Amino acid sequence: DTAGKVIKCKAAVLWGPRQPFKIEEIEVAPPKAHEVRIKIVATGICRSDDHVLEGLMKDKKYPVILGHEGAGIVESIGDGVTNVKPGDKVIPLFLPYCGKCRGCAEPKSNFCYTLISFCSIVKLTGLMSDNTSRFTCKGQVIYNHINTSTFTEYTVVDESSVVKIHDDAPLEKVCLIGCGFSTGYGSAVNLAKVEPGSTCAVFGLGGIGLSVIIGCKIAGASRIIAIDVNSKKFEKAKELGATECVNPKDYENPIHEVIMNMTDGGVHYSFECIGNTDIMVSALLSSHLSCGTTVIVGVSPSLSTISFTPRLLLTGRTLKGGLFGGFKSKESVPQLVSDLMAEKFKVDGLLSHKLLFTEINKGFELLHKGESIRTVLTF
Ligand code: PAD
Ligand code: ZN
Ligand code: ZN
């Protein structure tokens with residue numbers, strides 16, 4: 001029985017930006033009050049992890065254990081934890097849900113204010129709520145990543161950042177519900193609220209963009225235009241519901257003009273799923289000038305800004321964004337897992353590679369080369 005004891009285990013530690021992950025032996029302290037220690041069983045690799053690897057998040061603290069798209073089994077719980085128990089299958093939630101703050105109380109909001117203390121959009125602490133870490137390696141403190149840190153055999157999270165899922169859930173698939181699938185799918189159905197018969201344009205065909213396509217299709221969109229500079233992504237996009245695929249490199253005029261021409265004046269819904277500020281403006285310019293809605297899903301580098309004339313909005317356009325596809329994480333994740341098990345949707349099309357956790361650097365190499373959609377690491 002490991003409850004109450006320090007666990008020594010393997011973790012992929014990132015000692016600094018633009019370095020390979022090192023598989024190290026780390027110590028994971030027992031969970032304190034209102035914390036949960038989880039044995040990770042599977043974790044996906046998301047571009048948001050790569051943003052930290054590339055050093056784009058300027059306030060990020062290193063060394064760090066990344067990973068936020070995981071699934072596992074509760075090993076032990078701290079005092080006062082009531083929502084999960086040892087042995088439960090769980091998904092860590094990078095977007096917490098405390099159930100008490102203004103954000104959680106608002107029916108239309110999914111932004112829990114707890115996130116601000118853990119890692120607000122402007123300040124990433126990398127620490128637990130008591131300002132300490134549960135991870136050490138070679139006597140050094142290791143920071144966590146958006147209170148999830150799934151690139152490790154064991155992690156500790158706050159109780160607001162974990163939820164129990166179905167006992168029979170296939171963890172190697174449902175880990176994608178922890179970020180990529182829910183973010184993309186929810187961006188289409190919750191944030192944009194795509195309607196039957198509408199036209200959509202999806203910029204960027206990674207795990208997020210392809211999940212947007214799944215959402216647009218389920219919502220009944222009649223045209224789904226998939227856009228990527230890497231034509232290798234088109235086959236999968238079509239398989240999942242794209243009706244047309246466009247590579248901006250094949251055209252001389254700007255991509256928004258191409259989309260405007262294809263759609264006689266713009267799409268109803270456009271989605272930026274890259275994290276590129278120029279493409280955020282392209283997505284806005286591709287939307288219908290009066291009834292178009294643009295959703296920013298991609299995470300831009302921490303200090304970047306966008307500029308465009310507000311007149312683009314005066315004609316009636318809507319520009320919005322959101323985390324985790326607008327889903328209230330703790331309420332929605334168990335439901336999404338059950339829906340997946342009932343085959344209301346599939347994530348198989350997003351799973352391109354499966355590797356051992358120790359092959360993590362290979363997983364990131366596949367992402368950099370544009371060869372993978374989602375690599376799932378197993379332990
Ligand atoms: P990914 O790298 O797998 O996919 C991005 C795709 O965009 C790739 O296929 C690229 O080829 C393509 N691309 C790059 N540049 C361009 C360009 N100029 N024009 C057209 N296509 C281009 O990433 P992902 O799907 O894992 O993540 C996408 C973004 O979403 C990324 O910024 C990530 O940080 C963000 C994200 N946001 C949330 C959220 O809650 N808002 C959650 C998870 C990920
Ligand atoms: Zn993610
Ligand atoms: Zn809250």
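Criteria and thresholds
- Residues numbered from 1 in each chain as written.
- Chains lettered and ligands numbered in written order.
- Predicted model: local features only at pLDDT ≥ 70, side-chain atom pairs only at ≥ 80, totals over all residues.
- Heavy atoms only, no water.
- Helix = DSSP H or I, 4+ residues; strand = E, 2+ residues; numbered from the N terminus.
- Rg over C-alpha atoms; globule rule 2.2 N^0.38 Å.
- Contact = heavy atoms within 4.5 Å.
- Areas by Shrake-Rupley, 256 points an atom, 1.4 Å probe, with all protein chains shown as cover.
- Lys, Arg positive; Asp, Glu negative; His and termini not counted.
- Charge placed at Lys NZ, Arg CZ, Asp CG, Glu CD.
- 1 Å grid on protein atoms, 1.4 Å probe; cavity = no way out; pocket = protein on both sides within 12 Å on 5 of 7 lines; lining within 4 Å.
- Points joined across faces, edges and corners; volume = space filled by probe spheres on them.
- Nonpolar A, V, L, I, M, F, W, Y, C, P; charged D, E, K, R; others polar.
- Near = heavy atom within 4 Å.
- Polar contact = N/O pair within 3.5 Å; in protein donor to acceptor, adjacent residues only side chain to side chain.
- Donors = N, O, S within 2.8 Å, 3.2 Å for Na, K, Ca; no water.
- Tetrahedral: all angles 85-135°; square planar, octahedral: opposite > 155°, others 65-115°.
- Buried < 20%, exposed > 50% of the residue type's maximum accessible area, 1.4 Å probe, protein only.
- Salt bridge = Lys/Arg side-chain N within 4 Å of Asp/Glu carboxyl O.
- Phe/Tyr/Trp six-rings, centres within 6.5 Å; stacked < 30°, edge-to-face > 60°.
- Core = buried A, V, L, I, M, F, W, Y, C linked by side-chain atoms within 4.5 Å.

Asker: Kindly report on the overall build of the protein, identifying the contributing residues and their values.
Answerer: Across its full length, the protein holds 12 helices and 17 strands. In terms of overall dimensions, the protein is globule-like: its C-alpha atoms have a radius of gyration of 20 Å, near the 21 Å expected for 379 residues. For the protein, the spread of C-alpha atoms along the principal axes amounts to about 65 × 40 × 40 Å. Sequence separation of at least 24 residues holds for 70% of the intrachain contacts in the protein that already meet a minimum separation of 6. Roughly 15600 Å² of accessible area belongs to the protein as shown, and the carbon and sulfur atoms make up 53% of that amount. Here the protein contributes 41 positive and 39 negative side-chain charges, whose respective centroids are spaced 2 Å apart.

Asker: Talk me through the layout of surface pockets; I want residue IDs and the actual numbers.
Answerer: Reported here for the second largest pocket is a volume of approximately 220 Å³. Taken together, the residues of the lining of the second largest pocket break down into 3 nonpolar, 6 polar and 3 charged.

Asker: With reference to specific residues and values, describe the site of ligand 1.
Answerer: Lining the immediate surroundings of ligand 1 are 29 residues, of which Arg 47, Ser 48, Asp 228, Ile 274 and Arg 374 lie closest. Take Arg 47: an N or O atom from its side chain is 2.5 Å from an oxygen atom of ligand 1. Between Ile 274 and ligand 1, the recorded distance is 2.9 Å, taken from a backbone N or O atom to an oxygen atom. When ligand 1 is considered free in solution it has 870 Å² of accessible area, and contact with the protein chains removes 90% of it. Residues belonging to the shell around ligand 1 are distributed by class as follows: 14 nonpolar, 11 polar and 4 charged.

Asker: Can you break down the coordination of the zinc ion (ligand 3) residue by residue, with the values?
Answerer: At 2.4 Å from the zinc ion (ligand 3) lie its protein donor atoms, namely Cys 98 (SG), Cys 101 (SG), Cys 104 (SG) and Cys 112 (SG). Because the angles between the 4 donor atoms bound to the zinc ion (ligand 3) fall within 102 to 118 degrees, the donor set is best described as tetrahedral. Take Cys 104: its relative accessible area is 7%, and that puts it in the buried class.

Asker: Break down empty space enclosed by the protein for me, with residues and values.
Answerer: Scanning the entire structure with this criterion turns up 1 cavity of 30 Å³ or more. Size it by volume and the largest cavity reaches roughly 30 Å³. Lining the largest cavity we find Gly 126, Met 128, Thr 132, Ser 133, Arg 134, Phe 135, Asn 144 and Val 156. Across the lining of the largest cavity, the residue classes tally to 3 nonpolar, 4 polar and 1 charged.

Asker: Can you lay out the coordination of the zinc ion (ligand 2) for me, pointing to particular residues and giving the numbers?
Answerer: As a benchmark, a tetrahedral metal site with four donors has ideal angles of 109.5 degrees, while an octahedral site with six donors has ideal angles of 90 or 180 degrees. The coordination sphere of the zinc ion (ligand 2), as far as protein atoms go, consists of Cys 46 (SG), His 68 (NE2) and Cys 179 (SG), spread over 2.0 to 2.3 Å. The sequence pattern formed by the donor residues of the zinc ion (ligand 2) is C-x21-H-x110-C. Of this pair, Cys 46 sits in the loop between β3 (35-44) and α1 (47-53) while His 68 sits in the loop between α1 and β4 (69-77), and the two are 22 residues apart along the sequence. Classification of Cys 46 by relative accessible area gives buried; the value is 3%. Residue class for His 68 comes out buried when judged on its relative accessible area of 1%.

Asker: Before we move on, could you go through the side chain of Lys 233 and cite the residues and values that matter?
Answerer: Tracing the chain through its elements places Lys 233 in the loop between β11 (223-227) and α7 (234-240). Buried and without a salt bridge, Lys 233 has Asp 228 as its closest oppositely charged side chain, separated by 5.1 Å.

Asker: Kindly report on the packing of aromatic side chains, identifying the contributing residues and their values.
Answerer: What describes a pair of aromatic rings is the distance from one ring centre to the other and the angle between the planes of the rings. Counted by the stated rule, this structure contains 11 aromatic pairs. With 4.9 Å between their ring centres and 20 degrees between their planes, Phe 181 and Tyr 185 make a pair best called stacked. A residue pair is termed a helical-turn pair when its members lie 3 or 4 positions apart in one helix, as Phe 181 and Tyr 185 do in helix α5 (residues 180-192) at 4 residues. The residues Phe 181 and Tyr 185 share a single accessibility class, namely buried. Here the aromatic rings of Phe 181 and Phe 345 are separated by 4.3 Å at their centres, their planes lie at 20 degrees, and the arrangement is stacked. With Phe 181 in helix α5 and Phe 345 in the loop between α11 (329-341) and β16 (351-356), this residue pair connects regions lying 164 residues apart in the sequence. Overall, Phe 181 belongs to the buried group, its relative accessible area being 0%. Here Phe 345 falls in the buried class, since its relative accessible area comes to 5%. Members of the aromatic cluster, joined through ring pairs, are Phe 94, Phe 181, Tyr 185, Phe 324, Phe 327 and Phe 345.

Asker: Summarise unusual backbone geometry; cite the residues concerned and give the values.
Answerer: Along the chain, Tyr 62 connects to Pro 63 via a cis peptide bond; the corresponding omega equals -5 degrees. Tracing the backbone through its elements, the reader meets Pro 63 in the loop between α1 and β4. You will see that Arg 18, though not glycine, has its phi angle at about 55 degrees, which is positive. On the basis of relative accessibility, which here comes to 58%, the residue Arg 18 falls in the exposed class. The phi torsion at Glu 343 lies on the positive side, around 60 degrees, for a residue other than glycine. Note that Glu 343 resides in the loop between α11 and β16.

Asker: Outline the nonpolar core, listing residues and values.
Answerer: Counting residues in hydrophobic clusters, the biggest one holds 57 residues, and the most contacted among them are Val 174, Phe 181, Val 194, Ile 213 and Phe 271. Only α4 (171-174), α5, β10 (199-203), α6 (207-218), β11, α7, β13 (269-272) and α11 provide two or more residues apiece to this core. It is α6 that provides the largest number of residues to this core, a total of 6 residues. Leaving out residues up to four positions away in the same chain, Val 194 has contacts with Ala 188, Cys 200, Cys 216, Ala 219, Ala 221, Tyr 269 and Phe 271. Counting residues in hydrophobic clusters, the runner-up holds 33 residues, among them Ile 45, Leu 66, Leu 127 and Tyr 143.

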